Structure formats: C-alpha cells, structure tokens
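Reading the structure
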Amino acid sequence: MKKKLLIIFNILILLFSSCYGMEPIENISIMIGIGYDIDKEKSKKISDPIEMFVFKGDGEIERHISSGVAETIYNTVNDRQTIMSKKFVVGTEKLYLISEERAKYGIEDLLEVLIRDENRNELAYVAITEGRTEHFFKMTPIDNTSMSEAIAGILKFCYLANFFPREVNIKELLFMYNQSGRRIILPYIIDDNGKPKVTAICVFEGSKLKHKIPLEEAFYINMLRSRKSEGYISVLEDNNPKKCYTIKAKNFVNVSVEYKDTLIYNIDLTLKGVLKADSINNKPLTDKDAKKIEKAFEENISKEIEKTIEKVQNNYKIDCFDITKYAAAKFGKHSPLLSDEEFQKAKINVKVKVILVDLGRSIK
Amino acid sequence: MSKVIENKITQRQYIFILVSAVVGIGILSAPNSICQIAEQSGWISMIIGGIYPLIICYCSYLNYKHFNNTHFYQLNERLYGKFIAKIIFLFFLITMIIYEASVLAGFYNILSKEIAFFLSPYAVLILVSLVIIYTASFGLQSIGRLSEIVFYFSSILFLFPLAIIGKGSFLNIKPIISSVENILNSVPSSFYSYAGIEISFFIMPYVVNKKNFKKAGFVSTAIIVFIYTFLTFICIYYLGYELTTKIYYPVFFIMETIEVSIISDFKVVFIFLWSGMILKIMACDHYVVSYTFSRLTRIPYKKSCIITWPFILMFAIFMIPEHGRNVFLGKSVPIIVFTILTYSIITAIMVKIKGR
Amino acid sequence: MEPLSKNIYQNINKIISHLPNSATLIKREILINKKTKCFIIYVSNLCNRKSIEMHIIHPLLYNLNEDIENIENAAEYIAQNYISISEAQIIKSFDNIAVELLRGKCLILIDKINTAILCDTSDIPHRQIQESNVEKTIRGGRESFVENIEINLALIQNKVKSNKLRIERMLLGNENKTDAAIVYMDGIIDPIVLDAIKFKMNRIKNLPYILCTGYIEQLIEDFPYGFFPQLKNTEKPDKVVSDLFQGKAAILISGAPYALIAPAVFIEFFQGFEDYSQRLLTSVFVRLTRVLSALLVLLATPIYLTVLSYSSGLVPIKLIKVIYNSRLGIPLQPFLEILTMEIAVELLREGGLRLPSPIGQTLGIVGGIVIGEAATKAGLVSPTTLVVVSTTVIASFLIPNYEMALSIRFLRFPMLILAELFGFLGVILGFYLIVIILINMNSFGIPYFSPFAPLNPSDLKDTIVRLSLKEILRKPKSLKMKKGKI
C-alpha cells in the first residue's frame, strides 16, 4: 500500500516537471502605481499609465512610466505588453490615481474590477488628481525612488493634519461605495509647481465625482466625518497672527439620530487638544483661563461648522459628513429616510466640546 | 504489538473530528451566502442554524443510548432490514463523495487564485487527493489525532480577525434585526454550512470513553456554531453586509487587508493554516466514503480508500468552475440536508421504540 | 549443553576448537600434589597474569598437599579452599566456556574430574572515562561512557541508588557474541513497553554479529524507512539515569560508548539535558528557539524559492526591491542556485566532520571564503540566497540531537523539490505530510508525536516550554500505554 503510493508519487513528480512558464522574480515588472485617465473624444477612451521600477543592479533603482491606451481597463494590458520587456503582474501596486475627468465620467468599471480581481492590493492608497495622472507620475520625486511612493506617503500621513481620515485606501473606497448611507470621499491632488499637493476633497454621487470642496471648508467637514484624526486649530484676535491661541486637537465624534417629521442628527464633537501657542494671555494660565480658552475655541468652531453645514445642505445638497450611515443603522438599510432630500431637510445639531488635556510646558 | 492496531478514538478526538468534518471551505463563503437574505442579521441565522448539528449529535447520542456500540451499518440493518440499510448507506456514500469532491474543487478554486495559478487543475487535484488518501488510509485513529492537533494549530487562524476589531464599525451590524422573516428564511441556508456533521453516526461506536457523550456532542456543536457565527459577525462588522454579499470569500478579503511587516498580507499565513483544515475535512469525508464503500462491497478498508479515489476526482473535476459548483451544491445540498434531517429524526424515533 | 568429560585432553581439545587459533591462548600444565594433572587455560592479553600467578598457580602448586582424587566435588573443594580469586565459578558443561575465556576469565581443568573452575582474572584494556567530545555540557556531569560495558553499567549503577533498578544481560549475535544489557526501573517503566523492547531484542539475537548500538537501533525500530530517529543515543550516564526515571529503558552493548534509550518521542530530540539545570525562563527561551530553528531549517529555503520563482506578491515591495536587485545578472535559475548552495554547505559540513580539528578549521575557513565571498563576487550566487541558506545551516546546529538534526536537514531537500514543483502549495502539502507521518508513527507502542497528538494536556508542561521543576518531576503519562495509547 505504502509502496504503491510512493510509486504513484514518483510518477507524478516525473509528470509535472516544473515547466509552467513561470518566470523568476527578475523577469517580472514590479509595478508601484496605476493611473486612470480618459480621452473622451478618441475611440480608445481609456488611458492607464503605470509606474514601475527599473532595476539597474548594485542597489540602483530607476523608474519607468508606461501608458496603455485601449477601450477598457484590462485591454490596456494588451497595449502595454506590446512594448514591455517583462511580465506584467498586478498586486504590488501602492497607489491608485484617478484623474478628475475620469472621476466625473464615472469609475464603475474600476470599482467592479477592484472587487473581482483578487490580485489587486486592497491596501494601496487612492486619490483624485487635477489633470492627467500621467503628469503626476512624470514628476521628479524628491526623497523617494518613485512618484507613487511619494504620493502614497503624502496620503499615508495626511491624517496628521486637517483632520483627514486615517485610511485613504482601496479597501476604504470599496466600503464607502458599497455600505448603505455612505458615499465616496477622496482627497484631491494638484500640481503645485511640480510637486503634488492635497488641496481639496472630492465627494462622489454614486460612482461619479459630484463636488470638489476646497480644504478651507473640507477642514470642518473632515472634522465631522473622520475619527481620531488630528489637526491644528487657531483662534486669532483682531486678525493678528501674533495674537492667537493654537491647539493641536484630536477629534472624537458621537452621533445620534431621531426622526420627528424630519431627521434630527445630534452630533457630539469632542476635541481633545494640547495647547501649542497662547500669545494672548501674558500671565500663568489658571484653570479659569483654560476654561476661557476652551470656550473661545468652542464658539469659534461651532460658528464655522454651522456655516459649513448650511453650505453643504444648501449648495452641495448631498451628505458630505458621512452621517447618513447612522440613520441607516437606526432605521434600516433600506429606509427611505436615507435619501438626499431627507438630508437637505434634516436638522443637524453639533455640540462642540473642547478639552485642553495639556497646557504645554510654559508657565510664563 | 509494535503498532497500535485498534481503531479507537478518545472523546476529545470525537469532538474535534466533528468540528473538522464541518469547518472547511464554508468558513470562507458562509457569510456571503447567509447575508444574501438575512442581510446584517446573518449571524443570528447562523446561531439558529446550529440546531441542525445539535439534532444530529443528539440522534447519535440516542443511538448509543439504546443500542450501545452497535456499528452504524448493523444498527440500520436491525432497524430497517438489510435492503433499506444498503440504500441508506448508498445515500451516505454519494453524499459524502459530493461533499468531499466539492471541498476539493473549492480548495482548488481558492488555490488557483492565490498560490497555484500556474498549476493545472488536474495536478492540484491529484496531488491534494493523494495526500488525503494517504491520510485516510491510516484509519480513524490517525484522523482523530490529526483533527486534534490541526485544530489547535489552526485555531490561531481565528485570532487573525481580531486584528481588525478596532477598524470595523458597529453601524454595519445595526439595526440588529433586519426582519424576523428574513432571518428565519435564511436559516436553511445556514444548515448547508453545517453539513458534514453526519460523520457523528459513523464514528460514534469507536469512541472509547463515553462518560459524557451527550456533552461531547454539545461541545462540538457549540465550537462549530461559534466559529461560523464569529466569522459571519466579523465579516458584517468590518465589510458591511453589502460588500459581504458581493464577494465569494469575504473572510479572505479581510485577511488581505491585514498588514504585517514581513509578508505583504496575512493571506499566506491564512492559506497555510487553513489548508490544514481542508485536509482534515477531506480526510474525514474520505474516511466515511471508504468506510461506507467497504461496508457495501465488503472490500477491505484500505483498498476501498484507493478504489473510491477516481470517483472523487471525477466529481471534483466536474465541480471546478466556481459558479457551476455553487449551482450544483445549491440544488443538491438542500435535498441532502433535509433527507438526512428526516432520516435522523425517524431513526431516533425508531431507536426509541425498538431499543432497550 | 554438553557436559565436561573426565578425560582432561578431550576437554581441552574441545575448548580449543571453539577458540580462535592464536598464540595468545596459554595452556599452562601443572601437577597438583605432584601427581594430578591440571591445566590452566587463559588468553594471555585479556588476563591479569599477576593474579593468575599469585592466586591460582601459587596456591595449587605449593599449598595443595591433599590427595584430591578421592575428594567428592573436588573442583568445588579446591575453589573453596585454595583459590584466592574474588570471583570463581564451578562449571559442568562446555556452554559458553569459549566466550568466558575471551572475556578474560581463566579456566582450571583438573584430570579425572568432570567439573572445572572458572576464575575472573580479566584485565581487558579499555579507555579511561573521559569527557564527551560530541555531547558537550556546560552544567552537568562530565563523565561519558566508554567501550567497556561493565564500566558503563557501573557508571549507571553508581548514580541510581534505588532498589527498582534492573539490569538484564543478554548475548547478541550468532557468530560473534556481544554482551548487551537492558537497564530499566521496575515499576516505573510500562510493562507493555518493556515487553516490546525485550521481544524485539530477542528477535535480533540470532543475527551473525552486532557491533554497535546503531545496528540495534535500526533493527528494533518500528519504522526503518521513516525519516526520524525513533531511539535516542547518548554518551552521558546522567542522561540515561534521567530517562530511566521517566519510565524508559536503556540498551547498552559492549564495544559501543553509547546507550540507546527506548522509547523516544519526537519532542525529546529538541530537549537538552541542561534545560532542567538552567534557569526556568532562559531554558524556555532556548527551547522555543530550537523549535523555531527546526521550522526555519525546514521551511526557510523552500519559501524563499517560491518567492523567487512563483509568488513574488507574498513579500512587501521594499523586500522585493532588495531581492530583485540581488538577483540581477545571476545566471542560474533560482532552484539551481539554492540547491547548489545547499549541497555546497552539506559538502563542507560532511567534509569537516571527520577531519582532525586543525584541518577541519581550515576547510571551514576556505569554504566560507569560497562560498561567501568569491561566489557572490563572481556573480554566481546572490547575496540574499547566501543569507537564507547560511541562516538555515546555523539554525540546524541548534537542534541538540545530532541524528534529529540530520533528519531535518535531509527533509529540506524533498521540501525544496516540492517547492520547485508546486510552489507554495508544495510547501504546504510537504509540511502537512510530515505532520501526518509523525502522528502515525509509534515508538514501542508509544505514539511518536505524543503528547501533542494524542494530546495529553498534563504532559504539555514539559515540551516546547517547560514549567518549574516542581511541576514536571513526575512520570510522564504519555509513556504509559493505558492512557496515552490512542
């Protein structure tokens, strides 16, 4: 019995000698970034540039941008392989860039591909770019080997300021698209004198880009939609930059929903902050002073947030705060209350609370 | 003396054989199928569905209580007569062949996507099934030992989802009850996840120490139900039911999103540990296949291990395309599960009447 | 069993016919009481001549003045009254006389008496008890076994002051009879295990010759074609004693400075004797590193190969950059590259093993330079491959048992081939095959992979980790048939 099995096993080994057309690692193109562009006029509308590593030996790494033009996303591989000297494999990418034009045109195909193709990297970062994505890949990276790594780095650490959410990756993109009561919100990158820069957030309606909200407003939107992100807030006196309070704050958000004729969202926004600058008071800070500073921040932020909410409800008319999901959790995933009309009518009460956990080392 | 020939298992091994006969491919796909109807309350249906393994375990306990260690074939003969006993065994044989082949095909489907995309399906099927036959040929005792050790070994796998516990959202779970009707409607589809527990009937006579036999059945049911419910819950909690229903293997998706420093994602470690489970479940199934086959044809156990091999391969090749497999299983498994359920309830009643 | 005859020449001829025809066989003829013929037979280089002269020949020639022909049981009478040798034995048949003479005993044959006296005058040259070269210890006794079974038994007996100690002697081999002994603790060892060992030892009694414990090991183990050693070999008496108290038996054989310990389970081969004398936490750490190193030896190169050949997506991009860069311009396929390195390392290891230590060191240095520097400089082998392969080599030295280390090192090659053929699937299946083989093995009725499978929770206290000595100084249950059998 055992002998028979051994014989079978040996025959099998002889049968499957390892010629599968698999290539060793040095013959595979290591791709690090993919872009999605569109040319609406041409017959081959899709143009997907990719950035990949070119290894020169002795630790020297260069990069190469190769773009494929075709009718669909995967047809671009057809185009690209005709000029590539290595095997094309998906899975090592670190960054997805989508051009603004493409996003406005709709990215249903990309969202479908990301779910269906199991080789895609779900942890890759994703952003919308101002012009063509190829342009961004062709920039010169400063302290990285590739542009993809540079932009991925920007997106990775953007949560440290402006209250951007912690995860800006493909996984989160799929969650935002698929979960009820949510919509896609992605950072927007422009070319700032040859360097990439995050200047806005893009809000999608379904799979199409709807609004581009500049960072000044997005600051307060981010404050409500993200959790445990960080940002710096200042209160100025007489618009004089030398006279201000500044805190580095971390946001904690608690939302409850009820329905009385209209939806009522009660948002408790707690900002736990460290005082970084205080050039207004010129004496040692007492408990009372601290309370006063907290109060000043609370008033200031409440005002700004109210302004933002009004603008969102009246101008943008869609939920940018990512709060409809709370309604979905309360009233069911298929409730009619999740519509945009209900959001426009909804009453959003924000209660801001600022807590200074640390006043810094200065005693003055 | 040199070899321990007797084919006996301990009660602990009994528990783990039951667990390993059920937990396999299902842990990856069960959240998907159960959320189709029950939506975010799929995990509740999963708990309710635990009634199926519970019934089967209780029935095999009744068999033991009234007929002691009578082997399953003799028990059927005494209850139903020779002819019907043969038909019942034939039914079990076909059932188990379907189970084993479907697991084999499913295993290939996952491997082909992740680590064995360069191999031909035949190579993978033959290779894996050879390992299975080799394992099963040692008999029940070896399977008992394997189930025991691999269970401990691969239960690390259930710790991985804990890595994302802070990243999900309870909003995805709420409202906790989508609708009572939907939850109850999807209970039968959870039964299919629990298919395989029937092995309990076959191995019951070989358990050495039956002091807490009833409790052992309950414990294994509890473990199985916990595993399935936990994974379903985690999937809904992390992905939301919308995404869960869109992906064939949602658990796999979760593993891909766990980031560690040395390997690019947890997928590889997951496949490594999970393969152990698959080998276990197939070894259990193959044991029953060979056992029933050898009982029906009076061919010795070890030989029937090999003789049944081509059947398994044939079925598996037939089931390789994932959508085809799902269509076939979607039609056959409900019939099988409800036949077995009826059979066990009738048997339990018959046993009560005829037994001591 | 042929009895001795009364004719002295007939007896002598018969004895000599059983002995090798050599110049060292001495037949000293003397006359007792100036009339009775007496022969003293011995093998000169195995005996202490002084004691023969002093304690046998001298009293027989000068002290014995009686007429022994009329005395009943004359041999016994002489042994009792005149022979001043500590061990003297009266024999009546030819049985084993030749073997006894070759053990260094001295036979006194007296004319017209059909019994003989066998005196222990042996003085066989043997090595001094020295420190072991193979099993080095930092803490623990230094002495190790020698080739003489009597001294070895003495070393054990000296350490076990218990009335439970049993030593059973036996002779192995048809052509060349070799002394062997089974040592065990009565009441601690499981009787079924003991029976199995005795049964198997008796079965190999009739082979022509057995020279070393290695022969016995292969002849009595359950799975001669298995990958793993199923009996433990040790040079250290204190290890033997520790194992005796755990319910195992030791097999000693004359001419081999080793004791065989049976039965043995898998995890024992990863446990050092010193673990118990070291501090608790450090010894736990050391044990964990050993298991880790075994896994490393088995899996590191195959996984590295799959990463190179098939699944580059398994590693993060930063690591890919490093590997990719190092692989550029290497002419060999990954599999061949790794295989050549592995074989080169095995050559170096096997070559250095039997060389005298100064030359062995040179070999190590030259080999290290050739492989480490020259091969990478020449672009034959990539530096990352070198790192992976040499790490596994170093890891393999951590396994305390030499045979187990060899087995695991050997298993690396099938795993490598599986990895080349089937990629990561091959590695997975290979690993599980090893597990399946392990759980199906038995050593003298004890499951080889216990206490893991079948699981014995109380015995887990002394496996990969160990708890405090208070917890583990008892007899393991998995070495008992009743509970651990299944």
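Along each chain, residue indices are assigned from 1 in the same order as the chain's sequence is written. Going through the entries in the order they are written, you letter the chains from A and number the ligands from 1. A pLDDT threshold of at least 70 governs which residues receive local features in this predicted model, and a stricter bar of 80 or more applies before side-chain atom pairs are shown or counted, although totals over entire chains, interfaces and linings include all residues. By convention in this description, side-chain values take in all heavy atoms of the structure and omit both hydrogens and water.

Naming follows an unreviewed UniProt entry, where chain C appears as Spore germination protein GerKA of Thermobrachium celere DSM 8682. UniProt positions are given in the numbering used here, feature names are shortened, and annotations may be inferred rather than shown by experiment. Per UniProt, chain C carries the Sequence similarities (unreviewed entry) text "Belongs to the GerABKA family."

As recorded in an unreviewed UniProt entry, chain B goes by Spore germination protein GerKB and comes from Thermobrachium celere DSM 8682. What UniProt records for chain B under Sequence similarities (unreviewed entry) is the sentence "Belongs to the amino acid-polyamine-organocation (APC) superfamily. Spore germination protein (SGP) (TC 2.A.3.9) family." Within the UniProt record for chain B, the comment given under Subcellular location (unreviewed entry) is "Membrane".

This part is about the interface of chain C and chain B. The criterion used for residue contact is that any of the two residues' heavy atoms lie within 4.5 Å. Taken together, the contact pairs 40 residues of chain C with 44 residues of chain B. By buried area we mean how much accessible surface two parts lose on assembly, using a 1.4 Å probe and totalling the loss over both. Surface buried jointly by chain C and chain B totals about 3,600 Å² across both partners, of which 76% is contributed by carbon and sulfur atoms. Counting of polar contacts relies on pairs of N or O atoms within 3.5 Å, with two restrictions inside protein: one atom must be capable of donating a hydrogen and the other of accepting it, and residues adjacent in sequence are counted only when both atoms are side-chain atoms. Between chain C and chain B we count 4 residue pairs in polar contact (both at pLDDT 80 or more) in total. When residues of the side of chain C that touches chain B are traced back to their parent elements, those giving at least two are helix H6 (191–203) and helix H14 (402–439) of chain C. By the criteria applied, helices consist of DSSP H or I runs no shorter than four residues and strands consist of E runs no shorter than two, each listed in order from the N terminus. Top element by residues in the side of chain C that touches chain B is H14 of chain C. It accounts for 14 residues. Classifying every residue of the side of chain C that touches chain B gives 32 nonpolar, 5 polar and 3 charged. Gly is put with the polar residues, along with every residue not named as nonpolar or charged; the nonpolar set is Ala, Val, Leu, Ile, Met, Phe, Trp, Tyr, Cys and Pro, and the charged set is Asp, Glu, Lys and Arg.

Contact residues are listed per partner, giving 34 residues for chain B and 30 residues for chain A. Across the chain B to chain A interface the summed buried area is about 2,900 Å²; carbon plus sulfur atoms make up 69%. Contact with chain A buries surface across chain B, with Phe 118, Leu 171 and Glu 242 of chain B losing the most and accounting together for 18% of the total. A side-chain nitrogen of Lys or Arg and a carboxyl oxygen of Asp or Glu constitute a salt bridge if their distance falls within 4 Å. The interface formed by chain B and chain A includes 1 salt bridge. With its nearest N and O atoms 4.0 Å apart, the salt bridge here joins Lys 167 of chain B to Glu 167 of chain A. Between the two partners, chain B and chain A, sit 8 residue pairs in polar contact (both at pLDDT 80 or more). Going through the elements one at a time, helix H6 (82–114), helix H7 (121–136), helix H12 (213–244), helix H13 (250–256) and helix H15 (301–307) of chain B are the ones with two or more residues in the side of chain B that touches chain A. With 6 residues, the top contributor of residues to the side of chain B that touches chain A is H12 of chain B. Considering only residue class, the side of chain B that touches chain A consists of 18 nonpolar, 5 polar and 11 charged.

The next subject is the pairing of strand S7 (residues 125–129) of chain A. All names here are of chain A. When a residue's accessible area, from a 1.4 Å probe over protein chains only, is under 20% of the maximum for its type it is buried; when over 50% it is exposed; and in between it is partly exposed. Along S7, 5 of the 5 residues are buried, which leaves the element largely enclosed by surrounding structure. Covered by surrounding structure in S7 are Tyr 125, Ala 127 and Thr 129 together with Val 126 and Ile 128, the residues of both alternating faces. Pairing between strands requires that DSSP locate at least two bridges from one strand to the other. Strand direction decides the pairing type here: strand S6 (residues 95–99) and S7, joined by 5 bridges, are parallel. Across the sheet, the residue bridging to Ile 98 is Ile 128, located in S7. Note that S7 and strand S8 (residues 185–192) share 2 bridges and pair parallel. If you follow Thr 129 over to S8, its bridge partner there is Ile 189.

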